[in-house]
Amino acid sequence: MTKTTAVPSNVPNPVEQRVADLLARMTLTEKVGQMRQVNASEGHPPDYLAALIRAGSVGAVINQADVHVINELQRLAVEESRLGIPLLVGRDVIHGFRTIFPIPLGQAATWNPELVREGARVAALEAAAAGINWTFAPMIDIARDPRWGRIAESFGEDVFLTAALAVAMVEGLQGDDLSSPGSIAACAKHFAGYGAVESGCDYATTNIPENQLRNVYLPPFKAAVEVGVATLMTSFSDIDGVPGTANAFLLRQILRNEWGFPGVVVSDWDSVHQLQIHGLTENDGESAFEAVTAGVDMEMAGDVYANHLAALVESGRIAIGMIDAAVANVLRTKFQLGLFEHPYVEPAAHPSPGSEHALLAAKRMAAQSVVMLKNDSRTLPLSIQQLSSVAIIGPLADAPYEQLGTWIFDGDVALSVTPLEAIRTLLGDAVEVRHLRAMENSRSRETEAFNEAVEAAHACDVAILFLGEESILSGEAHSRADIHLPGDQAKLVQRIRETGTPVVAVIMAGRPLTLANIVDDVDALLFAWHPGTMAGPAIADLLFGRESPSGKLPVSFPRMVGQVPIYYSHKNSGKPPSPDNIVHIDDIDTFAEQTSVGMTSFHLDAGYTPLFAFGHGLSYAEFEYDHIRTGAHTVSIGDAVTISAELTNKSDIAADEVAQLYVRDLAGSVTRPIRQLAGFQRLRLEPGQTVTVAFRLHTDDLAFYGRDQNLAAEPGEFHAWIGGSSETELRTEFRIVASG
Ligand code: BGC
């Protein structure tokens, strides 16, 4: 075959010119080829795939992570296809590649964009060394339903926190410049509203009114687009009757027209074909029509575009201009990635996976992701000097694979350091460590081995229980309707409690769990999510006081699953509850009259508060917030106001605290949440130190989509709070006034 060079030397560099030049030389088959992504998971390129690539019929591959195979795939594209267009090579690098960082929900618990950026950078470097140039992260679906297994992949329930971490992750993956070594294209997903699936059941229908969509579900995507995310993935789910992959309102009106997104829109896996299964189309031809007219540039892992797009163009149903625009988006991204100049990867050019830097970053993030939910009588930190024996009990104390969490296709389990190993290393010979697994796995209902665990707990100075969920219980398609600790773990806690030995529980899980049935039976409780490769050293440092816990919840923990969705930034309703106007079901009189138990918005059996609130997280230090004030009592539209408070570390240890700013717009053209996170800062305070925590709020930061679906800040009264959780009561007020 005669090969035509992709970039003639006389074409100047500007990307758009190169795109136009290439497009002008492409056949319809080659154009449709660029809109197709093929699953390439085999150990070497199979003949059919090689033939497709040579014919220019593949624009991207997915699920190959072997650098040699990837180089061969690129060679076929670059050297053996007519136009020599390199491939996008996609892979799910969700929270690390070889070195695994905490699951995204754990990353969110750090409230530390710097660390999230650094973790993504490490992941990108490791993945790029394998030849991967595109990942399907970050997942920035707002997730308010812990039954949904994919909450593990999310940054939690909050719009502001999710948007901040979306930006950080995109920056980490893409670096300063997409073409620089070790940068890979990010993909904001899933557009849009996927987290709102009915009953938290994956792939189910969503129903999101436009105002809620714009104010809650879309802002993280807008932030990702503004920071230059290269690609975006559609959602599997149906939103208001139209699945994400056919949703022109989302993909054309909002994404392209309102936000001006110039990158690639990729479908989710086979989701073009699924339009028919949803009941939107009668056949694949119609599905191709719907997806391409909605604005899906590339089909992931399906052949609907390949089989039908050309015919749709030839019959005149689809204008060639629509195809050209989609192909241009793909080519532009390839140029921006520098793939035409550097299609191959020399593994040695990048740092080796699992490097000291990567492991340190993973450990730092794991440590900051752990949230201390309870610490009665200062049970923690444990003092090595005062202990002679420790019982380490439970199915997750020594589970190197499970601690990594969901989506770790390329994770190196051999790098995992478990809590048991790390505690043994930390304690050396000074303290006796007894390890009892007690349960085969978290789901086990076999209680025979409990006896030995109880005996060990009885004989030791402290019992540390490692409980939770294995990685298989969360993630895609892994939703649960009951979010208690699975199996007989609660019984195990009770049995250990009965020994009278202090009980510390460390829970690893991919979601918030309902912990009301164990919380009173433990003295201290650390919620560690799935912390990744360095779970062990991070948790050991926290347990033994080498670090203070500093994670804060990125999502509310319900008391009972029936409270879901429960999130701090809800609306007030016309009948808000308060402690003095609710009744518990156990306290209702016989023959109580209809209105005698109050007329407010609460559950008779659960009240109206979560078990642990958004933003909550304890420390070994003691922090006090005081003296909240505003720089001005009124602020004109277009100006900024500063809200500040004094934060004091009243303890004798240095520790991090995450200071949080919440605001409430008291009256709007549409009703506003009772509180909304509007700023946060992670600060390190020395013993006795006082700092002023100041947040500058521009009125644009207080803008929202109103009754007309336009974004604007509205004049009126605001409340602002600063504190260590969404429950802070330290409040001030200011007023926005019209400018001029
Ligand atoms: C998921 C995506 C993922 C894709 C590729 C789909 O099932 O929904 O999030 O990126 O598979 O693995």
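What you are looking at is a predicted structure, and each value in this text was computed from that prediction instead of being measured. (Residues numbered from 1 in each chain as written. Predicted model: local features only at pLDDT ≥ 70, side-chain atom pairs only at ≥ 80, totals over all residues. Heavy atoms only, no water.)

Chemist: Let's hear about helix α6 (residues 113–129): which residues, and what values?
Modeler: Taking 1.5 Å per residue, 17 residues should reach 24 Å; α6 reaches 24 Å between its end C-alpha atoms and fits that length. Within α6, the full set of buried residues consists of Leu115, Val116, Gly119, Ala120, Val122, Ala123, Ala124, Glu126, Ala127, Ala128 and Ala129. Buried-residue contacts for α6 involve α4 (67–80), α5 (104–109), α7 (159–174) and α15 (356–369). One or two steps after α6, the chain reaches Gly131, where phi turns positive at roughly 100 degrees. (Helix = DSSP H or I, 4+ residues; strand = E, 2+ residues; numbered from the N terminus. Expected span 1.5 Å × (residues − 1). Buried < 20%, exposed > 50% of the residue type's maximum accessible area, 1.4 Å probe, protein only. Contact = heavy atoms within 4.5 Å.)

Chemist: Summarise the environment of Val663; cite the residues concerned and give the values.
Modeler: Examined against the element boundaries, Val663 turns out to sit in strand β20 (residues 655–665). The buried category is assigned to Val663, whose relative accessible area is 5%. For the pair Val663 and Arg675, spaced 12 residues apart in the sequence, the C-alpha separation amounts to 5.4 Å. When sequence neighbours within four positions are dropped, the list of residues in contact with Val663 reads Arg675, Gln676, Ala678, Leu697, Leu702, His719, Ala720 and Trp721.

Chemist: Quick rundown of the nonpolar core? Include the residues and the values.
Modeler: Counting residues in hydrophobic clusters, the biggest one holds 102 residues, and the most contacted among them are Phe191, Leu232, Leu255, Tyr305, Leu309 and Leu331. If you tally residues by element for this core, the top one is α7, at 8 residues. No fewer than three residues from each of domain 1 (14–349) and domain 3 (623–737) sit in this core. Phe236, Ala456, Leu467 and Leu515 belong to the second largest nonpolar core, which has 50 residues in total. (Core = buried A, V, L, I, M, F, W, Y, C linked by side-chain atoms within 4.5 Å. Domains from an automatic or database assignment.)

Chemist: Run through the pattern of salt bridges, naming residues and quoting values.
Modeler: Under the criterion given, the structure shown has 39 salt bridges. Between Glu341 and Arg18 there is a salt bridge, with the nearest N and O atoms lying 2.8 Å from each other. Of this pair, Glu341 sits in the loop between α14 (320–336) and α15 while Arg18 sits in helix α1 (residues 15–24), placing them 323 residues apart in sequence. Across the salt bridge formed by Glu733 and Arg731, the nearest N and O atoms sit 3.0 Å from each other. Overall, the relative accessible area of 30% leaves Glu733 in the partly exposed class. Residues joined by salt bridges that share partners form a network here, namely Arg54, Glu72, Arg75 and Glu80. (Salt bridge = Lys/Arg side-chain N within 4 Å of Asp/Glu carboxyl O.)

Chemist: Outline the sheet that holds strand β4 (residues 134–135), supporting the account with residue identities and numerical values.
Modeler: The sheet built from 5 strands is open, its strands ordered β4-β3-β2-β1-β10 with parallel pairing. The open sheet has two edge strands, β4 and β10 (299–300), and neither has a second partner. As paired elements, strand β3 (residues 88–91) and β4 share 2 bridges and run parallel to each other. When the bridges of β4 are listed, Gly90 appears paired with Trp134. (Pairing = 2+ DSSP bridges.)

Chemist: How would you explain the sheet that holds strand β21 (residues 676–685) if you had to name every residue and give the values?
Modeler: What holds strands together in a sheet is hydrogen bonding between their backbones, with the strands either parallel or antiparallel. Read across the open sheet, the 5 strands follow the order β18-β26-β25-β20-β21; overall the sheet is mixed. Each edge of the open sheet carries a strand with a single partner, namely β18 (634–636) and β21. Across this sheet, the average inter-strand angle for adjacent strands is 25 degrees, counted without regard to direction. Bridge count between β20 and strand β25 (residues 716–723): 6 bridges; the pairing is antiparallel. (Axes fitted to C-alpha atoms, helices over the stretch in contact; angles between N-to-C directions.)

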